[in-house]
Amino acid sequence: METFLIVYTIYASALLIWSTSRGNKDLRPACTHPASKARVDYVTIPTFLLREWIACSENLVVFDLHSDSERNTRQERFPGMLMTSMNDLRTLLKWIPPMSKVVFSCGDDDVERFDAQIEDTLLELGIRAVYLLDRSTTFN
(Lines give C-alpha, C1' and ligand atoms only; values in the text may rest on other atoms or scores of the structure.)
Protein backbone atom coordinates (compact mmCIF):
# COMPACT_ATOMS: atom_id res chain seq x y z
CA MET A 1 0.00 0.00 0.00
CA GLU A 2 2.86 2.37 0.80
CA THR A 3 4.39 1.84 -2.64
CA PHE A 4 1.05 2.63 -4.28
CA LEU A 5 0.79 5.98 -2.42
CA ILE A 6 4.33 6.95 -3.41
CA VAL A 7 3.68 6.12 -7.08
CA TYR A 8 0.33 7.96 -6.97
CA THR A 9 1.97 11.08 -5.43
CA ILE A 10 4.73 11.11 -8.06
CA TYR A 11 2.19 10.64 -10.88
CA ALA A 12 -0.11 13.42 -9.54
CA SER A 13 2.83 15.83 -9.16
CA ALA A 14 4.07 15.10 -12.67
CA LEU A 15 0.56 15.59 -14.07
CA LEU A 16 0.21 18.93 -12.27
CA ILE A 17 3.58 20.20 -13.51
CA TRP A 18 2.88 19.03 -17.06
CA SER A 19 -0.57 20.67 -17.18
CA THR A 20 0.71 24.07 -15.97
CA SER A 21 3.68 24.09 -18.33
CA ARG A 22 1.48 23.38 -21.37
CA GLY A 23 0.17 26.92 -21.45
CA ASN A 24 -3.27 26.31 -19.99
CA LYS A 25 -4.48 29.83 -19.25
CA ASP A 26 -7.04 28.68 -16.69
CA LEU A 27 -4.31 27.39 -14.38
CA ARG A 28 -1.95 30.38 -14.62
CA PRO A 29 -2.38 33.48 -12.44
CA ALA A 30 -3.63 36.49 -14.36
CA CYS A 31 -2.20 39.96 -13.96
CA THR A 32 -4.80 42.44 -12.73
CA HIS A 33 -3.72 45.29 -15.01
CA PRO A 34 -1.10 44.75 -17.69
CA ALA A 35 1.30 47.68 -17.84
CA SER A 36 1.15 47.88 -21.63
CA LYS A 37 -2.64 48.36 -21.74
CA ALA A 38 -3.40 50.32 -18.57
CA ARG A 39 -3.08 54.06 -18.82
CA VAL A 40 -4.03 57.03 -16.75
CA ASP A 41 -6.46 59.45 -18.37
CA TYR A 42 -5.71 63.16 -18.08
CA VAL A 43 -8.71 65.48 -17.88
CA THR A 44 -8.44 69.27 -17.80
CA ILE A 45 -10.94 70.96 -15.50
CA PRO A 46 -11.74 74.65 -14.88
CA THR A 47 -11.23 76.32 -11.51
CA PHE A 48 -14.95 76.60 -10.73
CA LEU A 49 -15.35 72.82 -10.96
CA LEU A 50 -12.53 72.34 -8.47
CA ARG A 51 -14.31 74.73 -6.08
CA GLU A 52 -17.45 72.60 -6.32
CA TRP A 53 -15.47 69.39 -5.72
CA ILE A 54 -13.78 70.91 -2.64
CA ALA A 55 -17.21 71.69 -1.21
CA CYS A 56 -18.72 68.25 -1.73
CA SER A 57 -16.05 65.55 -2.33
CA GLU A 58 -14.70 63.38 0.44
CA ASN A 59 -11.82 61.64 -1.35
CA LEU A 60 -10.39 64.68 -3.09
CA VAL A 61 -6.63 65.27 -3.06
CA VAL A 62 -5.27 68.44 -4.67
CA PHE A 63 -1.56 68.79 -5.40
CA ASP A 64 0.03 72.13 -6.25
CA LEU A 65 3.12 71.17 -8.24
CA HIS A 66 6.02 73.58 -8.45
CA SER A 67 9.72 73.54 -9.10
CA ASP A 68 12.19 73.29 -6.23
CA SER A 69 13.17 76.96 -6.69
CA GLU A 70 9.56 78.08 -6.09
CA ARG A 71 9.17 76.07 -2.89
CA ASN A 72 8.70 78.95 -0.44
CA THR A 73 7.48 81.69 -2.78
CA ARG A 74 4.07 80.35 -3.84
CA GLN A 75 0.87 80.94 -1.93
CA GLU A 76 -1.81 78.30 -1.34
CA ARG A 77 -4.66 78.96 -3.79
CA PHE A 78 -7.25 76.58 -2.32
CA PRO A 79 -7.62 75.36 1.26
CA GLY A 80 -6.02 71.97 1.85
CA MET A 81 -3.87 72.05 -1.28
CA LEU A 82 -0.69 69.99 -0.92
CA MET A 83 2.22 72.05 -2.20
CA THR A 84 4.95 69.74 -3.51
CA SER A 85 7.59 69.44 -6.19
CA MET A 86 7.68 66.84 -8.95
CA ASN A 87 10.57 65.15 -7.14
CA ASP A 88 8.52 64.71 -3.94
CA LEU A 89 5.34 63.67 -5.74
CA ARG A 90 6.43 60.03 -6.15
CA THR A 91 6.74 59.65 -2.38
CA LEU A 92 3.49 61.45 -1.53
CA LEU A 93 1.34 59.45 -3.94
CA LYS A 94 1.95 56.28 -1.94
CA TRP A 95 0.14 57.86 1.03
CA ILE A 96 -3.12 58.95 -0.58
CA PRO A 97 -6.23 56.80 -0.08
CA PRO A 98 -7.11 54.35 -2.86
CA MET A 99 -9.80 55.42 -5.33
CA SER A 100 -9.26 59.12 -4.56
CA LYS A 101 -10.06 61.92 -6.97
CA VAL A 102 -6.68 63.54 -7.69
CA VAL A 103 -6.28 67.09 -9.04
CA PHE A 104 -2.97 68.66 -10.04
CA SER A 105 -2.38 72.39 -10.23
CA CYS A 106 0.82 72.72 -12.24
CA GLY A 107 1.48 76.45 -12.09
CA ASP A 108 3.77 77.62 -14.87
CA ASP A 109 4.87 74.11 -15.88
CA ASP A 110 2.61 72.46 -18.44
CA VAL A 111 2.30 68.77 -17.62
CA GLU A 112 0.93 66.61 -20.39
CA ARG A 113 1.86 63.22 -18.89
CA PHE A 114 3.63 61.97 -15.81
CA ASP A 115 6.41 59.43 -16.00
CA ALA A 116 5.71 55.68 -15.91
CA GLN A 117 6.54 55.32 -12.22
CA ILE A 118 3.96 57.91 -11.17
CA GLU A 119 1.34 56.41 -13.51
CA ASP A 120 2.00 52.91 -12.14
CA THR A 121 1.57 54.18 -8.57
CA LEU A 122 -1.74 55.82 -9.52
CA LEU A 123 -2.97 52.64 -11.20
CA GLU A 124 -2.03 50.56 -8.16
CA LEU A 125 -4.21 52.86 -6.07
CA GLY A 126 -7.14 52.35 -8.44
CA ILE A 127 -6.89 55.87 -9.86
CA ARG A 128 -7.59 55.70 -13.58
CA ALA A 129 -8.02 59.44 -14.20
CA VAL A 130 -6.26 62.52 -12.90
CA TYR A 131 -7.47 66.06 -13.29
CA LEU A 132 -5.29 68.98 -14.34
CA LEU A 133 -6.43 72.42 -13.26
CA ASP A 134 -6.86 74.83 -16.16
CA ARG A 135 -6.21 78.33 -14.90
CA SER A 136 -6.88 79.99 -18.23
CA THR A 137 -10.65 79.62 -17.74
CA THR A 138 -12.04 81.25 -14.63
CA PHE A 139 -15.76 81.42 -13.84
CA ASN A 140 -16.97 82.63 -10.46
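Cut-offs used in this document
- Residues numbered from 1 in each chain as written.
- Predicted model: local features only at pLDDT ≥ 70, side-chain atom pairs only at ≥ 80, totals over all residues.
- Heavy atoms only, no water.
- Helix = DSSP H or I, 4+ residues; strand = E, 2+ residues; numbered from the N terminus.
- Buried < 20%, exposed > 50% of the residue type's maximum accessible area, 1.4 Å probe, protein only.
- Contact = heavy atoms within 4.5 Å.
- Polar contact = N/O pair within 3.5 Å; in protein donor to acceptor, adjacent residues only side chain to side chain.
- Salt bridge = Lys/Arg side-chain N within 4 Å of Asp/Glu carboxyl O.

### Some points on the environment of Arg-128
Turning to step 1, where the next piece is worked out: As for its position among the elements, Arg-128 is in the loop between α4 (116-124) and β5 (129-134).
Turning to step 2, where the next piece is worked out: Using a relative accessible area of 42% as the deciding quantity, one classes Arg-128 as partly exposed.
Turning to step 3, where the next piece is worked out: Beyond its immediate chain neighbours, meaning those up to four positions away, Arg-128 contacts Arg-39, Val-40, Asp-41 and Leu-123.
Turning to step 4, where the next piece is worked out: For Arg-128, the side chain forms a polar contact with the main-chain oxygen of Leu-123, separated by 3.2 Å.

### What to know about the pattern of salt bridges
Turning to step 1, where the next piece is worked out: According to the stated counting rule, one finds 2 salt bridges in the structure shown.
Turning to step 2, where the next piece is worked out: Here Arg-90 and Asp-115 are joined by a salt bridge, their closest N and O atoms 2.3 Å apart. Here Arg-90, found in helix α3 (residues 86-93), pairs with Asp-115, found in the loop between β4 (101-105) and α4; they are 25 residues apart in sequence, far enough to count as distant.
Turning to step 3, where the next piece is worked out: Overall, Arg-90 belongs to the partly exposed group, its relative accessible area being 27%.
Turning to step 4, where the next piece is worked out: Two residues, Arg-113 and Glu-119, come together in a salt bridge whose shortest N-O distance is 2.9 Å.
Turning to step 5, where the next piece is worked out: By relative accessible area, Arg-113 is classed as partly exposed at 38%.

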